[in-house]
Every structure is written in structure tokens, then in C-alpha cells.
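Fold and contact review
Okay, here's what each chain looks like letter by letter:
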Amino acid sequence: MTDTIFAPATAAGRSAVAVVRLSGPATGRAVAALAGGLPQPRMAALRTLRDQAGAAIDQALVLWFTGPKSYTGEDCAEFHVHGGPAVVAGLLEALAALGLRLADPGEFTRRAFENGKLDLAQAEGVADLIEAETEAQRRQALHQLGGALGHAQTRWRDALIEALAMFEAAVDFPDEEVPSDVAARARPVLADLIADLEHALVHVKRGEQVREGFRIALIGAPNAGKSTILNALAGREAAIVTATPGTTRDIIEVPMRFGGYKALLADTAGLRETHDEIEAEGVRRARAWAGDADLRIWVVDGASDAPATAPDLHPHDLCVINKADLPSGAETGHALVEARAFGVEALRLSAKSSGDIAALEHALETRVVDALAGAELPTATRLRHRELLAEALERLQRALVLEDDLELAAEDVRLAGRALDRITGRIDPEDVLDRVFSSFCIGK
């Protein structure tokens, strides 16, 4: 890259201090032009910044980093100016007048990746750290930024190289003095690697849930009290509550925290047969969202005598029999039978009781923590990681089956290695890089 980029690294708006970053070959020239000379590398210097006409822009702290000992691996600089919008705008105009270009989203971190300062998984960790809302997300992002996945990938790659060397020795040098069982020696290496990848795949879902939020769906018949429960758990009027069945027609998502983990609690349309086209679409979306959710809360009107059809439930889900402050109807007994059939815990409560809502919140927190907490942080944390790990695993499993056809087995091992290399970006295509870095904020 021959052009030099700049961008604010702090959020827009008024603040005590704003940081503007530069990276590229013309960084030193730009700093010298604005600050009257270059400060000592890696030492903060107080300077008056002036534009090309000599007008003062601000007094600022200036930091100068020579490549490759910088974030991007290029010459870099930072201007720490007062955070007024006019000050920042004046500095940005002065930099543009010097021929520098405003950075694209994620371009600083992309340059760090392309200059070997970070691998792709670490770059994703940077993005996750910026987006982190909870302590769990922060810890997981730091783990990723520290190179956890890259270290694991290196270990996996070494095992692949060892297995591939054995296969190729048997294929390419059958008449040489190599052990007759050299190909068979690859089997335990591949078996151990397969077990390692299977372990990573088991935990990648947990990593995705920590990053994106544990999805909890409130689902049940109209007027069972789903919206009331959502509002009570959220502590605000997030959903409209009326006595009219079918009030909720679209998915209403509320971000929450349980036990230090992010969760998405969703109110959904009441499940029933309807000829209303809009409501029917809401019911379809409700079933789809609940089907993909990590936890379903089947909300039942315990005062009703009309039996409601239970949705598809899993053993860790919850059945909430609402309206415990009213006389029990036949639906209470029916729901208990259904919950027992699914192996689901049933709670009787009134959505109007703060004590009952606290008990429900505790039950949800227990489930979220049980699902997301672990002795070790997940190595892989994204859908992209999961797909590539699954591809590599499939190739290796096929290589074991094809060990009598050594050339095909070796090719599958090579393809598994390519899939694992794409995790850290060693051979990632341009469009994947564009997708990863475009999600960054401008100044990163």
C-alpha cells in the first residue's frame, strides 16, 4: 500500500480528548508539516498543530511510531487533540489538504494483518473487543486477540504436515528404504487431530453465543402473558400489552444480561390457526425464531380451560404457567402433563408478582451460565471458524477411510490443511478479507 490514511479513532461528538490516527509512508511528512517537526519515536510531545496557511488548529499531544514497530507495521502517528467537533474537523481538513486519504472501515487493522502483525483470527478478536458489552465477551475477545486460535491452528498444521509427509513418503518413494508401515503411522496422528478438531467444534457454538448473545424465545398461545413477562424481565415497556389476542405480530428482541452474559430475549406472535395473512406470517416467524433459539420459554395461560398445543421443546427449556394469581383452569394440568412428556421444568408464576419474576430470572440465569460458562475459553468463536473446522474434519475423516488409496488420502489431508489455513487468513481470498474488515469502525 503506497497511500497514507487517517481517521478519528474515538467516537464522534464532544469529549475531553479525541484521537486521530495516521498510517502509511507519508505519515512522517504529515506530522512534521502540522507539528513543526517529528517528535522522538514512541515519546509523547506537546505541540501546536498548524494548517498549511500557518493557522493554529489546536495544542495536541503527538506520538510518532516508526515501522515496523507499530500497530500496522507502517510508519504511524497519533494526534491527541481536544475533543470539540470543530477541532477534530479542522485537523481532518488539514490532513486531507496534505494529500492523505480518509481510511476505510477496518483499514488500520487490515494493514496490520497484511503486514504480518496479526493473523485474521486475531483481527477478528480486535473487532470483538471493540464490540464487547459484557465481561465474558471482553475475556473471550482478549483470548482471541492473544492468538489462541492461531496457536491451535499452528498445532493442527504441524500434525497435518507430519501425516502428509508419511503419506507422500509411501506414495513417492515406494522402492526406497522407507518403513513398509509408514502410511499406517499417519493413522494415530490423524485420529488425534480429528479428536482435537471435534473438541473445538463442540465449543465453537458456545463462543458464538457469548459473542452474539444467548437467544431466548417466549412462545405460546395468544394472551398467555408473553409480552407482560418480557416487559417484567426487561424492566420497561418493550412490548405492547392489550387484552386483544394477536397484538404481537413481529419478533420483539430485547438485549439483556444474565450472570454476566449477553442474552437476546424475544417476544413472539401467539401461536394459533388464523386466516389473517399478517398474523399468520407472525406465527411463522415465531416458530422459526423459537426453532433457532438456544432456550424456549413456553408460556401458558394457567387460568384458561382451552388446551394450548405445546411447541417443540427441548429438555433444558422451560414451561411457565402464568396467571397463578387467578383460579387454575384445565390448562394448568394439561401443561404440566405436556412439560413432563418433554422432560421440561415447569414453573407456576404470576407475571404481576415481582417475586415470581425474580424466580424466573434466576432460572434463566442458571441456564445461561450453565450453557456458556466453562473451564476453558472457546478456541473458535465464529460461524466462519465453525464452517472451516467442519470442512477440515470431514476431509480428515475421509482420509482415514481412504488410507488404502494413499494418493486420495493425501489430497484430502492437503485440502484439510487449506481449510485450516483460511481460519487465520494465510490463503484467504480477497472477498473474505473485505467481509471481515468492513465490519470494523472507521478508525480501527
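One can find the structure itself at the top, above this paragraph.
Residues numbered from 1 in each chain as written. Predicted model: local features only at pLDDT ≥ 70, side-chain atom pairs only at ≥ 80, totals over all residues. Heavy atoms only, no water.

Let us now look at the pairing of strand β8 (residues 252-258). In this sheet, strand β9 (residues 261-267) lies alongside β8 in antiparallel orientation, the contact comprising 7 bridges. Note on β9: the bridge partner recorded for Arg-257 is Lys-262. (Pairing = 2+ DSSP bridges. Helix = DSSP H or I, 4+ residues; strand = E, 2+ residues; numbered from the N terminus.)

Backbone torsion omega between Gly-67 and Pro-68 reads 5°, so that peptide bond is classified as cis. In this model, Lys-323 sits at a positive phi of 65°, which is unusual for a non-glycine residue. Within the secondary structure, Lys-323 sits in the loop between β11 (318-322) and α10 (330-342).

If you check helix α9 (residues 277-292), its first and last C-alpha atoms are 23 Å apart, about what 16 residues at 1.5 Å a residue would give, namely 22 Å. Within the sequence span of α9, burial applies to Glu-279, Gly-282, Val-283, Ala-286, Trp-289 and Ala-290. The buried residues of α9 occupy one face: seen down the axis, they fall within an arc of 130°. Facing away from the buried surface of α9 by more than 90 degrees, the exposed residues are Glu-277, Gly-291 and Asp-292. Considering only its buried residues, α9 is in contact with β7 (214-220), β8, β9 and β10 (295-301). (Expected span 1.5 Å × (residues − 1). Buried < 20%, exposed > 50% of the residue type's maximum accessible area, 1.4 Å probe, protein only. Arc of directions from axis to C-beta. Contact = heavy atoms within 4.5 Å.)

Using the criterion set out here, one finds 27 salt bridges in the structure. Put simply, Asp-128 and Arg-211 hold a salt bridge, and the shortest N to O gap is 3.1 Å. With Asp-128 in helix α4 (residues 120-131) and Arg-211 in helix α7 (residues 186-212), this residue pair connects regions lying 83 residues apart in the sequence. With a relative accessible area of 11%, Asp-128 lands in the buried category. Linking Arg-367 and Glu-345 is a salt bridge whose minimum nitrogen-to-oxygen distance equals 2.7 Å. Remark: Glu-345 occurs in strand β12 (residues 345-348) and Arg-367 occurs in helix α11 (residues 354-372); sequence separation between them is 22 residues. Put simply, Asp-3, Glu-74, Arg-101, Asp-104, Glu-107 and Arg-111 are held in one network by salt bridges that share partners. (Salt bridge = Lys/Arg side-chain N within 4 Å of Asp/Glu carboxyl O.)

Honestly, it's all geometry; don't read function into it.
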